[in-house]
Amino acid sequence: MSEQKVKNVTAVAKIADLLKRKIEEFETETGGAEYGMVRDVGDGIASISGLANAKSMEMLKFESGEFGVALNLEEERVGAMILGTGRGIKAGQTVTGTGKILSIPVGDDLCGRVLDPLGLPQDGKGAIKSNKFAPIEKIAPGVMKREGVSVPLMTGIKAVDALIPIGRGQRELIIGDRQVGKTAIAVDTILNQKGQDVICIYVAIGQKESKIAKIVKRLEEAGAMDYTIVLLAGASAPAALQYIAPYSGCAIAEYFMDQGRDALVVYDDLSKHAWAYREVSLLLRRPPGREAYPGDIFYLHSRLLERSCRRNEESGGGSITALPIIETQAGDVSAYIPTNVISITDGQIYLESDLFYKGIRPALNVGLSVSRVGGAAQTKAMKKVAGQLRLDLAQFRELEAFSQFATDLDETTRNQIEKGRRTVEILKQLQYQPMSMAHQVVVLYAVTRGLIDQIQIEKIKEWENGLHEYLDAVQSDLLNDLQAKKTLEPEFEEAIKAAITDWNEQFTNKSE
């Protein structure tokens, strides 16, 4: 081979090596962004081709500027939930993967604000200034990071604090038919946290926006919005926003728990949340199961409510207390969604329509309501006066049913029925009037120790209102000591008994 040919072969080999090296070193300059294309869109759901590396719950940006969330990760396409109206999204448009998991702004700046589940303001008070973000989905704290419930979270409602006590870190379900006072219990609990260093998050899912406006106004009047955040995914909001709303609320609460603070989250209500998820799942063509709900409907609520707990000191302390609300149909607590949530929570407050229409409000069914862990958090003073209360009510319910058929009752039975009627009357409480622990203890002491047996039933409410005014005016030191020590020592019992006897005399003289 001639020298010239050898030189040509060597040059070609060098060029080939250079090209090979350049090809290996070649990188696209897209900045890590990934692109796809909308195949079809409708009913708040978009089908996208491409996006081979999309992650579950990753935020996607459409060409129109709207955002979506990747939910279905299939071999040839991605099923995305559109966060908004989706009116500007059309087939053929480009979709960009952001690489970010769906997050929401968190921080103290959110207190006093009304937001949507994406953290956008809904109250006309300007943009949210927080620069901290948290993913809306998060794995619940492990067993070794948790601590037992031992600190009370007072609702200010006599019937609840005495019979179904709630502790910080507990998940207590509020369940009942529509219009029986479920939201009223939750709102009263928020009002009662004033000065208790508890941040409250009220998540409204599928509720009428006029109803939420009234609640916000009431909270503002009571000064409760200073420590409350309202997350609104109203009845007119897309199913996508209703679906992510409770997770967004929980993410905000976790920010405060991570700081060692206590938070209270109200999910109003999870029945509508399940409906929204069912709608999204069916549109994504996920296989339906019982009542057309998808197979993971239990996991939908369990992964949410398990994030509520009380952390131990090694893990930073702090707690999230959850008050999920479930609406039943004709009192059927054995339906699919109610039984799911009952099995996840630490007890339930069951409100009954019949009691509500009889004027017994809160319409608490003592037999079906239970708090599985809250008893450990109940104060000693409340435990001492409330122990007899449940027994008295149970005996009264039994004897009341029996007395309807009996013509002649002995004196003991009559006395028990009369005492039961007074107990029921004392446990009635108007909305937006939460009561301090000390006031509750004094009133419940009076009824369990038979100190109001001589008061006519129709005058019980007048007697109670007068007692509270008397205690605030004359016995403020007793109330302060009771509130501070939270125990019912013998000297306290004597002082309470003397105060009630003194008021009884004044009330009797005034009535005459």
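Refer to the structure presented above.
Because the structure is predicted, anything quoted here is derived from the model rather than measured.

Calculation criteria
Residues numbered from 1 in each chain as written. Predicted model: local features only at pLDDT ≥ 70, side-chain atom pairs only at ≥ 80, totals over all residues. Heavy atoms only, no water. Helix = DSSP H or I, 4+ residues; strand = E, 2+ residues; numbered from the N terminus. Buried < 20%, exposed > 50% of the residue type's maximum accessible area, 1.4 Å probe, protein only. Contact = heavy atoms within 4.5 Å. Areas by Shrake-Rupley, 256 points an atom, 1.4 Å probe, with all protein chains shown as cover. Lys, Arg positive; Asp, Glu negative; His and termini not counted. Charge placed at Lys NZ, Arg CZ, Asp CG, Glu CD. Pairing = 2+ DSSP bridges. Axes fitted to C-alpha atoms, helices over the stretch in contact; angles between N-to-C directions. Phe/Tyr/Trp six-rings, centres within 6.5 Å; stacked < 30°, edge-to-face > 60°. Lys NZ or Arg CZ within 6 Å of the ring centre and 35° of its normal. Core = buried A, V, L, I, M, F, W, Y, C linked by side-chain atoms within 4.5 Å. Parallel < 35°, antiparallel > 145°, perpendicular 65-115°, else oblique. Left-handed = near helix turned anticlockwise from the far one by under 90°. Nonpolar A, V, L, I, M, F, W, Y, C, P; charged D, E, K, R; others polar.

(A) Molecular detail of the overall build of the chain. Within the chain one finds 15 helices and 16 strands. Counting only C-alpha atoms and orienting by the principal axes, one finds that the chain spans roughly 130 × 45 × 40 Å. Looking at the chain as a whole, 52% of its 512 residues are labelled buried. For the chain, contacts bridging at least 24 residues in sequence account for 74% of all contacts bridging at least 6. Accessible area of the chain: about 24300 Å², with a carbon and sulfur share of 51%. Each charge class in the chain can be summarised by its mean position, and for the 61 positive and 69 negative side chains these summaries are 5 Å apart.

(B) Broad picture of the sheet that holds strand β6 (residues 94–101). Strand order in the closed barrel formed by 6 strands is β1-β2-β5-β4-β3-β6, and the pairing between neighbours is antiparallel. Taking the axes of each pair of neighbouring strands and ignoring which way they run, one obtains an average angle of 45° across the sheet. Note: strand β4 (residues 67–73) against strand β5 (residues 78–83), 6 bridges, orientation antiparallel. What sits directly across from L73, in β5, is V78. Relative to β5, helix α5 (residues 239–258) is tilted by about 90°, and along the sheet it contacts β4 and β5.

(C) Expanded view of helix α7 (residues 297–305). Of all 9 residues in α7, 7 are buried, a share of seventy percent or more. Residues of α7 that are buried include every one of I297, L300, H301, S302, R303, L304 and L305, and no others. At its buried positions, α7 is contacted by α5, β13 (262–268), α6 (270–283), β14 (319–327) and α8 (336–344).

(D) Expanded view of the packing of aromatic side chains. A full pass over the atoms with the stated rule returns 7 aromatic pairs. Here the aromatic residues Y243, Y247 and Y277 are joined through ring pairs into a cluster of three or more. Above the ring of Y293, the side-chain terminus of R278 is found at 4.2 Å from the ring centroid. One cation-aromatic arrangement involves R361 over F356; the distance from NZ or CZ to the ring centre is 4.0 Å.

(E) Inspection of the side chain of R113 at higher detail. Along the chain, R113 turns up in the loop between β7 (103–106) and β8 (114–115). If near-sequence neighbours (up to four positions away) are discounted, R113 is found in contact with P121, D123, K125, G126, A127, I128, M225, T228, I229 and V230.

(F) Spotlight on the pairing of strand β3 (residues 58–62). Among the 5 residues of β3, 4 are classified as buried, and the element is accordingly described as predominantly covered. Where β3 lies against β6, 4 bridges are found, and the strand directions are antiparallel. The residue bridging L60 from the neighbouring strand is G97, located in β6. Relative to β4, β3 runs antiparallel, the two being bridged by 3 bridges. Its bridge partner lying in β4, L60 is registered against G68. Hairpin remark: β3 followed by β4, antiparallel, with 4 residues in the connecting loop; positive phi at G65, about 100°.

(G) Region of interest: the nonpolar core. In terms of nonpolar packing, the biggest core is built from 145 residues, with M81 and W463 touching the most fellow members. Counting residues per element, this core draws most heavily on α5, which supplies 14 residues. Leaving out residues up to four positions away in the same chain, W463 has contacts with I426, A446, I452, I455, I500, W503, N504 and F507. In this structure, A54, A80, I82 and V95 belong to the second largest nonpolar core, which totals 13 residues.

(H) How the structure looks around the environment of R278. Its location among the elements puts R278 in helix α6. Classification of R278 by relative accessible area gives partly exposed; the value is 22%. Residues R278 and A292, 14 residues apart in the sequence, show an inter-C-alpha distance of 7.2 Å. When near neighbours in sequence (up to four residues on either side) are disregarded, R278 contacts E291, A292, Y293 and P294.

(I) Main features of the environment of K55. Among the secondary structure elements, K55 is positioned in the loop between β2 (45–50) and β3. By relative accessible area, which is 39% here, K55 ends up partly exposed. Counting along the chain gives 121 residues from K55 to G176, while the straight-line C-alpha distance between them is 38 Å. The contact partners of K55, leaving out residues within four places of it in the chain, are A70, L73, G99 and I101.

(J) Structural view of the packing of helix α12 (residues 437–448) against helix α13 (residues 460–474). It is the contact of α12 with α13, at a shortest axis distance of 11 Å, that shows an interaxial angle of 130°. Overall, the two elements α12 and α13 adopt an arrangement that is oblique. As for the relative orientation of α12 and α13, their crossing is right-handed in sense. Note on element contacts: α13 touches α12 through W463, E464, L467, H468, L471 and D472, opposite H439, V442, V443 and A446. In the contact of α12 with α13, the residues fall into 6 nonpolar, 2 polar and 2 charged.

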